[in-house]
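# Commentary on secondary and tertiary structure
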Number of protein chains: 2
Amino acid sequence: MSTTNQQILHYGRNLLQCRGYNGFSYRDISQKLGIKNAAVHHYYPQKEDLVATIFEGIRQQFAEDTARMSGSGCSAREQLQYFFDFMLKEFDEGRNICPIGSLIVDFEELPDKVKEQHLLLMDDVLAWFSEVLKTGLENGEFKFSDPVDTRAEAILETLLGARQLASIKGRGTLERSISLIRSDLGWKDRPSGKRTY
Amino acid sequence: MSTTNQQILHYGRNLLQCRGYNGFSYRDISQKLGIKNAAVHHYYPQKEDLVATIFEGIRQQFAEDTARMSGSGCSAREQLQYFFDFMLKEFDEGRNICPIGSLIVDFEELPDKVKEQHLLLMDDVLAWFSEVLKTGLENGEFKFSDPVDTRAEAILETLLGARQLASIKGRGTLERSISLIRSDLGWKDRPSGKRTY
DNA sequence: TTACCTACTTCCTTACTAGTAAGTAAGGAC
DNA sequence: GTCCTTACTTACTAGTAAGGAAGTAGGTAA
């Protein structure tokens, strides 16, 4: 059993990742939880507080997961695969759109507090991609000729778009996209059986 | 000088491509044009009428442009480059986000009429990408090993994400992304001077 | 001249939004 | 038993959204 606060964060995150910042209201959350609108305000006086807290949680989770993997000596491919699996899991759990993608359309009108968290998460993810790609390139797990940072950015963009498209066209879109990202990194799927690493 | 109707469509499209379906109101348009809210309702009784009309215009423009290029015997690379240039031009004109990307976050709550236009545009673009890629692959302009449809989908996703990211991080993001798409099609930029075709 | 159309404006309704103020019920600390 | 905190509820404000009804001013056609 989880606390009201945890439930607010949970449903808030789901709503945010399905409908964006301006696409959900405190009413959506309070109705789902069977409490009153003002109860949500009790925990998060302003909407920006709620969304900033959601993003802090996401960033913390990301930091912990990547640190753990990095510490336990995972290969670059394993680390990148973790991210792909994480995306697929989130999608399967009904969070259609990635956190970064869910705020971009509303970005300009967003409170500064939220903008800041959004940019921090984006920087975190891009820096991690770059790091993993660099390692993988150096030890021969990946093969590509473009600058690492540019490739990192492109992966983020492709996943962002794929996740959004997948919210309309279904999971297969996201799966195909992941497969192509691997392909462009010189990390081929074998048509059947195990992967080549 | 353009008619009120044309101006409504123009600003409506800009607003749509910057803030998404739920991110702008008739008030934004009427204030910009110095008319009253209800005047916009005069031309487009419901918001869905306005947005569906905007999409019809975009689809028509796309159909005309692609037909013209196809008719005048452009190479696959030239045709694809047209699309990239079109994206950059739209971005430069202040339409931050591509039409497809601008509706995805709000997609589920969209009126059917708008959903339909959105899906039609997506199908148009994907079919055109597939056609161009197929031609280019057959005549050696492109080189890649994945299914054409999958590659077409990935290009759409990457551009969609790149355009969104570029709305925060600037034009360079979109340029880098286009460069990488070309690279992944086996269509290398030479570091300086003319392209290889 | 009458009738009608187009392009609006004024005025309004209904619904929902974020957010606030004040009150209450339950539980622990002392 | 009283005090204080937590977790809410009730009741409200102010703003904005889409959208509808009715009226008007100007042009055009018969």
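Refer to the structure printed above.
Note that residues are indexed from 1 along each chain, following the sequence as it is written. All chains are assigned letters beginning at A, and all ligands numbers beginning at 1, according to the order in which they are written. The predicted nature of this model means local features are confined to residues of pLDDT at least 70 and side-chain atom pairs, given and counted, to a pLDDT of 80 or more, with totals for whole chains, interfaces and linings taken over all residues. Excluding hydrogens and water, the side-chain figures rest on all heavy atoms present in the structure.

## Observations concerning the overall build of chain A
Secondary structure is summarised from DSSP: a helix means a run of H or I of at least four residues, a strand means a run of E of at least two, and numbering begins at the N terminus for each. Assigned secondary structure in chain A consists of 9 helices and 0 strands. Taken from N to C terminus, the helices and strands of chain A fall in the order α-α-α-α-α-α-α-α-α. The size measure is the radius of gyration over C-alpha atoms, and the globule rule it meets is 2.2 Å times the number of residues to the 0.38 power. Over its C-alpha atoms chain A spans a radius of gyration of 18 Å, differing by no more than 12% from the 16 Å that the globule rule assigns to 197 residues. For chain A, the C-alpha atoms occupy an extent of roughly 55 × 35 × 30 Å along the three principal directions. Buried means the residue's accessible area, taken with a 1.4 Å probe over protein chains only, is under 20% of the maximum for its type, while exposed means over 50%, and partly exposed covers the values in between. Counting over 197 residues, chain A shows a buried share of 52%. Look at the contacts in chain A between residues 6 or more apart in sequence, and 67% of them connect residues 24 or more apart. Once the 25 positive and 28 negative side-chain charges of chain A are each reduced to a mean point, those two points are 8 Å apart. Two residues form a contact once any of their heavy atoms are found within 4.5 Å. Neither His nor the chain ends is counted toward charge; the positive residues are Lys and Arg and the negative residues Asp and Glu. To locate a charge, take NZ of a lysine, CZ of an arginine, CG of an aspartate or CD of a glutamate.

## As for the relation of the copies chain B and chain A
Alignment of copies: least-squares fit on C-alpha atoms of residues with pLDDT of at least 70 in both copies. Mapping chain B onto chain A calls for a rotation angle of 180 degrees and an axial translation of 0.0 Å; the resulting RMSD is 0.0 Å. Overall, the copies show the geometry of a two-fold rotation axis. A share of 100% of interface residues in chain B that are also interface residues in chain A marks the association as one of identical surfaces.

## Some details on the protein's contact with DNA strand C
Whether a residue is near a molecule or strand is decided by its heavy atoms; if any one of them lies within 4 Å of it, the residue is near. In the vicinity of DNA strand C there are 15 residues, among which A:R27, A:K47, B:T4, B:K36 and B:Y43 approach most closely. Of all atoms in DNA strand C that approach within 4 Å of the protein, 72% are sugar or phosphate atoms. In the environment of DNA strand C, a phosphate oxygen lies 2.9 Å from a nitrogen or oxygen atom belonging to the side chain of B:T4. Elements represented by at least two residues in the surface near DNA strand C include exactly α2 (26–33) and α3 (37–43) of chain A together with α3 (37–43) of chain B. Ranked by residues supplied to the surface near DNA strand C, first place goes to α3(B) with 4 residues. Two N or O atoms form a polar contact when they lie within 3.5 Å of each other; inside protein one atom must be a possible hydrogen donor and the other a possible acceptor, and for residues adjacent in sequence the pair counts only when both atoms belong to side chains.

## Notes on the interface of chain B and chain A
The interface is formed by 41 residues belonging to chain B together with 41 residues belonging to chain A. Both sides of the chain B and chain A interface together cover about 3300 Å² of buried area, and 60% of this is carbon and sulfur. A pair is scored as a salt bridge if a Lys or Arg side-chain nitrogen falls within 4 Å of a carboxyl oxygen belonging to Asp or Glu. Put simply, B:E153 and A:R176 hold a salt bridge, and the shortest N to O gap is 2.8 Å. Inspection of the chain B/chain A interface yields 12 residue pairs in polar contact (both at pLDDT 80 or more). Where the side of chain B that touches chain A is concerned, the elements lending two or more residues are α1 (4–19), α6 (99–104), α7 (112–138), α8 (148–169) and α9 (171–184) of chain B. Considering every element that reaches the side of chain B that touches chain A, the biggest residue donor is α8(B), with 15 residues. For the side of chain B that touches chain A, a count of residues per class yields 15 nonpolar, 14 polar and 12 charged. As a working definition, buried area equals the accessible area (1.4 Å probe) given up by two parts on being put together, with both sides summed. Think of it as three bins: nonpolar holds Ala, Val, Leu, Ile, Met, Phe, Trp, Tyr, Cys and Pro, charged holds Asp, Glu, Lys and Arg, and polar takes everything else, Gly as well.

## What to know about the pattern of salt bridges
Under the counting rule described, the total for this entry stands at 32 salt bridges over all chains. Across the pair B:D92 and B:R171 runs a salt bridge, and its minimum N-O distance is 2.7 Å. Here B:R171 lies in helix α9 and B:D92 lies in helix α5 (residues 76–92), a separation of 79 residues in the sequence. B:K134 is the salt-bridge partner of B:E138, the closest N and O atoms lying 3.7 Å from each other. Here the residue B:E138 and the residue B:K134 both occupy positions in helix α7, the gap between them amounting to 4 residues, near one helical turn. Taking relative accessible area as the criterion, B:K134 reaches 42% and is therefore assigned partly exposed. Each of A:R13, A:K89, A:E90, A:E93, A:R95 and A:R163 takes part in salt bridges that share partners, so that together they form one network.

## Thoughts on the nonpolar core
Of all hydrophobic cores here, the largest spans 58 residues; its most connected members are B:L80 and B:F129. Every element with two or more residues in this core is listed here: α1, α2 (26–33), α4 (47–71), α5, α6, α7, α8 and α9 of chain B. The element that contributes the greatest number of residues to this core is α7(B), accounting for 9 residues. We define a nonpolar core as any set of buried Ala, Val, Leu, Ile, Met, Phe, Trp, Tyr and Cys residues linked to one another through side-chain atoms lying within 4.5 Å. Core analysis: the next-biggest nonpolar cluster, separate from the first, contains 56 residues, A:L80, A:A152, A:L159 and A:L174 among them.

## Digging into the environment of A:L133
Residue and element names in this part refer to chain A. If you trace the backbone, L133 turns up in helix α7 (residues 112–138). Each C-alpha atom, one on L133 and one on A38, is 46 Å from the other, the two residues being 95 residues apart in sequence. Excluding residues that lie within four positions of it along the chain, L133 makes contacts with L80, F142, F144, V148, R151, A152, I155 and L185.

## So, the protein's contact with DNA strand D
If you check the shell around DNA strand D, you find 15 residues, and the closest are A:T4, A:K36, A:Y43, B:H41 and B:K47. Sugar plus phosphate: this is where 74% of the atoms of DNA strand D within 4 Å of the protein reside. Residue B:S25 places a side-chain N or O atom 3.2 Å away from a phosphate oxygen belonging to DNA strand D. A distance of 3.3 Å is found between a base nitrogen of DNA strand D and a side-chain nitrogen or oxygen belonging to B:H41. Mapped by element, the contributors of at least two residues to the surface near DNA strand D are α3 of chain A together with α2 and α3 of chain B. Classifying every residue of the surface near DNA strand D gives 7 nonpolar, 5 polar and 3 charged.

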